[in-house]
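So the chains spell out like this:
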Amino acid sequence: MNRLIKKNYFILLLFVIISILLVSLIDWHVGYIFATGDYHYHLDRIETLASSIKHLDFWPKVDGHFIGGYGYASSLFYPDVFLYLPALLRVVGISPVITYMFTLVLINFITLWVGYYAGKRMSFSSQRALIFALIYTLNPYRLQTLYSRQDLGELLGMIFFPLVLSELMNFKNGYFRQWYILSFAMIGIGLSHTISLFMIILFSAMYVLLNIKYFLSKKKIVALMKAAMLTIFATAMIYLPILEQMHGQKYALTTNPLIQITGQIFSIQDLFKNSLLNSVFHGDTVNIGIVILISLIVYSIYNFTKRQNIDLTVIALFLFFACTNLFPWKLLSHSIFAVIQFPWRFFSIISLIVAYLLVNDDLHLFDRKYFTFIFLTVIALFTINLSQQTITASKNRLDPYSDFNKIDSYYIGAGHEYLPSQVNYSEIRQHKDRTLTYDKSNISIQNPTINRQYISFNFDSHKGFTKVQLPLIYYKGYQSEVYGDGISTVPKISPLGLTEISLSGSGTVKIQYDHTLIQKISLFISSVTFLLVLFKFIEKRRRYNIPVTDEIPVFAVSTENDYVFVYRIVENMNNNLN
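The rules behind the values
- Residues numbered from 1 in each chain as written.
- Predicted model: local features only at pLDDT ≥ 70, side-chain atom pairs only at ≥ 80, totals over all residues.
- Heavy atoms only, no water.
- Helix = DSSP H or I, 4+ residues; strand = E, 2+ residues; numbered from the N terminus.
- Rg over C-alpha atoms; globule rule 2.2 N^0.38 Å.
- Buried < 20%, exposed > 50% of the residue type's maximum accessible area, 1.4 Å probe, protein only.
- Contact = heavy atoms within 4.5 Å.
- Areas by Shrake-Rupley, 256 points an atom, 1.4 Å probe, with all protein chains shown as cover.
- Lys, Arg positive; Asp, Glu negative; His and termini not counted.
- Charge placed at Lys NZ, Arg CZ, Asp CG, Glu CD.
- pLDDT = per-residue confidence, 0-100.
- Core = buried A, V, L, I, M, F, W, Y, C linked by side-chain atoms within 4.5 Å.
- Pairing = 2+ DSSP bridges.
- Axes fitted to C-alpha atoms, helices over the stretch in contact; angles between N-to-C directions.
- Parallel < 35°, antiparallel > 145°, perpendicular 65-115°, else oblique.
- Nonpolar A, V, L, I, M, F, W, Y, C, P; charged D, E, K, R; others polar.
- Polar contact = N/O pair within 3.5 Å; in protein donor to acceptor, adjacent residues only side chain to side chain.
- Phe/Tyr/Trp six-rings, centres within 6.5 Å; stacked < 30°, edge-to-face > 60°.
- Lys NZ or Arg CZ within 6 Å of the ring centre and 35° of its normal.
- Salt bridge = Lys/Arg side-chain N within 4 Å of Asp/Glu carboxyl O.

Chemist: Got a sec to walk through the overall build of the protein? Specific residues and values, please.
Modeler: Secondary structure summary: the protein contains 26 helices and 13 strands in total. At 28 Å, the protein has a C-alpha radius of gyration in line with the 25 Å of a compact globule built from 578 residues. Projected onto its principal axes, the C-alpha coordinates of the protein cover approximately 100 × 80 × 50 Å. When each of the 578 residues of the protein is scored for burial, the buried share is 51%. Across the protein, the fraction of contacts at a sequence separation of at least 24, relative to all contacts at a separation of at least 6, is 73%. For the protein, the computed accessible surface area is about 28,000 Å², with 62% contributed by carbon and sulfur atoms. Within the protein, one finds 47 positive and 35 negative side-chain charges whose respective centroids are separated by 8 Å.

Shown next, in the form of structure tokens:
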């Protein structure tokens, strides 16, 4: 078995099988798909990106597909870099059902692979790295996110969590020459899910502070700063546009949040009970599962007794405490920490830490005969049970493929977080016909064209500048262009949160979304960053693949059966000889 594990093709095949089985456990009903949680919204995200690509907009920010053409800044506030592949599948005609299931399988596969790679970077053996990847991928909270919540953003973010842990540990232990791997992990999270990035930054800050004496080295500080700068530059295209939109404009996310963090905490008794029962996910039954809970308790006692892994143990216990009603969330309900919305999101980091503690195996459990087999069998059985119990608890969520394939653009997430605070979404849904609003006594409008890419019409203003409200949710970046002698003001937000312009004279006006200057600059910064990283990677590969003709032997050392040659690299040797 160990020999097989050491062969990469066996690992990859195993991961493919597990990835498919995880989705099949919940979607084994032929002709039906289990549809729950946020699947509507994420399907719309994929469909919107596909629609933009069809119209040759490869970097959409405000998506005209959403809300029947009113537009929604999902791509601006919610990173969708990793949705391009499923969007391309939709472009070539693959059905939403197949696209969505393929996306879930792919997320599972990459999670397993990154977990295995991170385990190897933690100096685990191939077998232990495999066990680490399995424990992390099959932890109940992640499965609840996959099965019940279907939050693609959070699932994508969790892919890179193990790599953050492995690289922080390597920094602590003095192995920081490959600092860029930490940055790549952070970039991956940042391009997946904003809240997950915030959470992992909190985790990293706690880890560094608890190990501050190991990080107070000039070389380590410089390496951390380089990793931070690379992350900032690479994700500038995501977060600078967000900051631009948030500046001077209010959104439902902050002014009228659907989710109050103080209402998403539980008593310790409930967390213990739900975890020991491996309860199916509901708003009041979120848990970390019996294996993770018992392992956390056992290793907390052991680590404090033996004074080992104190840093990770303290973090895990603190985050668990933060999920309870004992934590003073009321004092922080209006702080930046409230953006995580659900404290139980920390279960993903707790599960990661426990997965490490289990595989690190200070108790030498995995050295015992048959323990590995029994342990993995138990995890597999719990996984199967959770998947089937999830279906049993929500049988009404089995949708026929035909229903699932019907994309409704009005699903924008339960909280409507990225709508301007002035928007009444119920009113918007009642006016799906999308009409222009103006005073007919002041301006006449003819030949209106209202589609999901732009709005245009002929106008003749009788009394100077006259306001026209457009059926477009307002975001910074809308531009108006006039053909003729008329004049248009720069689009601005109306009292109802829609886009408004003022027109004078006569002519034809066209209004559509264009990228702002900050969006263009941020894209340039991130693009240059990725190109420089690619150039550096190619240059590094070239150094390790220098032809013999560019090398001069310095000396040779005889061995028992052969000679070892030591070479000196000479650039452009052939040119010099000529």
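Chemist: So what's going on with unusual backbone geometry? Residues and values would help.
Modeler: Both trends apply: most residues other than glycine have a negative phi, and most peptide bonds are in trans. A positive phi angle is found at asparagine 278, which is not glycine, with a value near 50°. Positionally, asparagine 278 belongs in the loop between helix 17 (268–276) and helix 18 (290–306). Judged by its relative accessible area of 8%, asparagine 278 falls in the buried class. With a phi angle near 55°, arginine 434 is a residue other than glycine that sits in the positive phi range. Counting through the fold element by element, arginine 434 comes out in the loop between helix 24 (425–430) and strand 3 (437–438). Since its relative accessible area comes to 5%, arginine 434 is described here as buried.

Chemist: Lay out the environment of glutamine 519 in plain terms, naming residues and giving numbers.
Modeler: Mapping glutamine 519 onto the fold places it in helix 25 (residues 517–543). The class for glutamine 519 is buried, based on a relative accessible area of 0%. Through-space distance from the C-alpha of glutamine 519 to that of proline 241 is 5.4 Å; in sequence the pair is 278 residues apart. Apart from the residues lying within four places of it in its own chain, the contact partners of glutamine 519 are Trp59, Lys61, Leu76, Pro241, Glu244, Gln245, Lys476 and Tyr513.

Chemist: Outline the confidence of the model for the protein, supporting the account with residue identities and numerical values.
Modeler: Averaged over all residues, the pLDDT of the protein is 90; the fraction at 70 or higher stands at 93%. Between residues 573–578, whose pLDDT stays under 50, and residues either more than four places distant or in other chains, the model counts 7 contacts.

Chemist: Tell me about the nonpolar core, and please be specific about residues and values.
Modeler: A general tendency of soluble globular proteins is for nonpolar side chains to be buried together. Ile67, Phe347, Phe457 and Tyr475 are the most contacted members of the largest nonpolar core, which totals 163 residues. No other element matches helix 21 (residues 347–360), which puts 11 residues into this core. Dropping the residues within four chain positions of it, tyrosine 475 is found in contact with Val62, Gly71, Tyr72, Ala73, Phe77, Gln245, Tyr251, Tyr418, Leu419, Pro420 and Tyr513.

Chemist: Would you mind going over the sheet that holds strand 7 (residues 478–483) in detail, with residue names and values included?
Modeler: One open sheet holds the 4 strands; their spatial order is 4-5-11-7, and the pairing between them is antiparallel. If you trace the sheet from one side to the other, it starts and ends with strand 4 (443–450) and strand 7, each paired once. Averaged over all pairs of adjacent strands, the angle between their axes in this sheet comes to 20°, without regard to strand direction. Sheet topology note: the strand 7/strand 11 (residues 506–513) ladder contains 6 bridges and is antiparallel. Each residue of the ladder has a partner; that of valine 482, found in strand 11, is valine 509.

Chemist: Could you give an account of the pairing of strand 4, naming the residues involved and the relevant values?
Modeler: With 6 bridges connecting them, strand 4 and strand 5 (residues 454–461) associate as antiparallel partners. Looking at strand 5, one finds that serine 444 is bridged to aspartate 460. Linking strand 4 to strand 5, which pair antiparallel, is a turn of 3 residues.

Chemist: An account of the packing of helix 6 (residues 96–121) against helix 10 (residues 161–172) is requested, with residue identities and associated values reported.
Modeler: At a closest axis distance of 8 Å, the pairing of helix 6 and helix 10 adopts a crossing angle of 10°. On the basis of their axis angle, the class for helix 6 and helix 10 is roughly parallel. Contacts between helix 6 and helix 10 involve Val114, Gly115, Tyr117, Ala118 and Arg121 from the former and Pro162, Leu163, Ser166, Glu167 and Asn170 from the latter. In terms of residue class, the contact of helix 6 with helix 10 is made up of 5 nonpolar, 3 polar and 2 charged.

Chemist: Got a sec to walk through the side chain of asparagine 211? Specific residues and values, please.
Modeler: Structurally, asparagine 211 is set in the loop between helix 12 (194–210) and helix 13 (212–215). What makes asparagine 211 buried here is its relative accessible area of 3%. Among the polar contacts made by the side chain of asparagine 211, one reaches the side chain of lysine 172 at a distance of 3.2 Å. Setting aside residues up to four positions removed in sequence, asparagine 211 forms contacts with Lys172 and Asp311.

Chemist: Provide a residue-level description of the packing of aromatic side chains, including the pertinent values.
Modeler: The final tally for this structure, using the stated rule, is 33 aromatic pairs. Their ring planes at 85° and their centres at 6.4 Å tell us that tyrosine 207 and phenylalanine 215 sit as a pair that is edge-to-face. Residue class for tyrosine 207 comes out buried when judged on its relative accessible area of 2%. The exposure class of phenylalanine 215 is buried, given its relative accessible area of 2%. In this structure an aromatic cluster arises from ring pairing among Tyr41, Phe66, Tyr72, Phe77, Tyr78, Tyr251, Tyr418 and Tyr475. Its guanidinium or amino end placed over the ring of phenylalanine 215, lysine 220 lies 6.0 Å from that ring's centre, counting from NZ or CZ. Over the aromatic face of tyrosine 454 sits the side chain of lysine 510, whose NZ or CZ is 4.5 Å from the ring centroid.

Chemist: Account for the pattern of salt bridges, naming residues and giving values.
Modeler: Under the counting rule described, the total for this entry stands at 10 salt bridges. The shortest N-O distance in the salt bridge between glutamate 154 and arginine 345 comes to 3.0 Å. Within this pair, whereas glutamate 154 is found in helix 9 (residues 152–159), its partner arginine 345 is found in the loop between helix 20 (329–332) and helix 21, the two being separated by 191 residues in sequence. Considered together, glutamate 154 and arginine 345 belong to a single accessibility category, that of buried residues. Members of the salt-bridge network, linked through shared partners, are Arg149, Asp151, Glu154 and Arg345.

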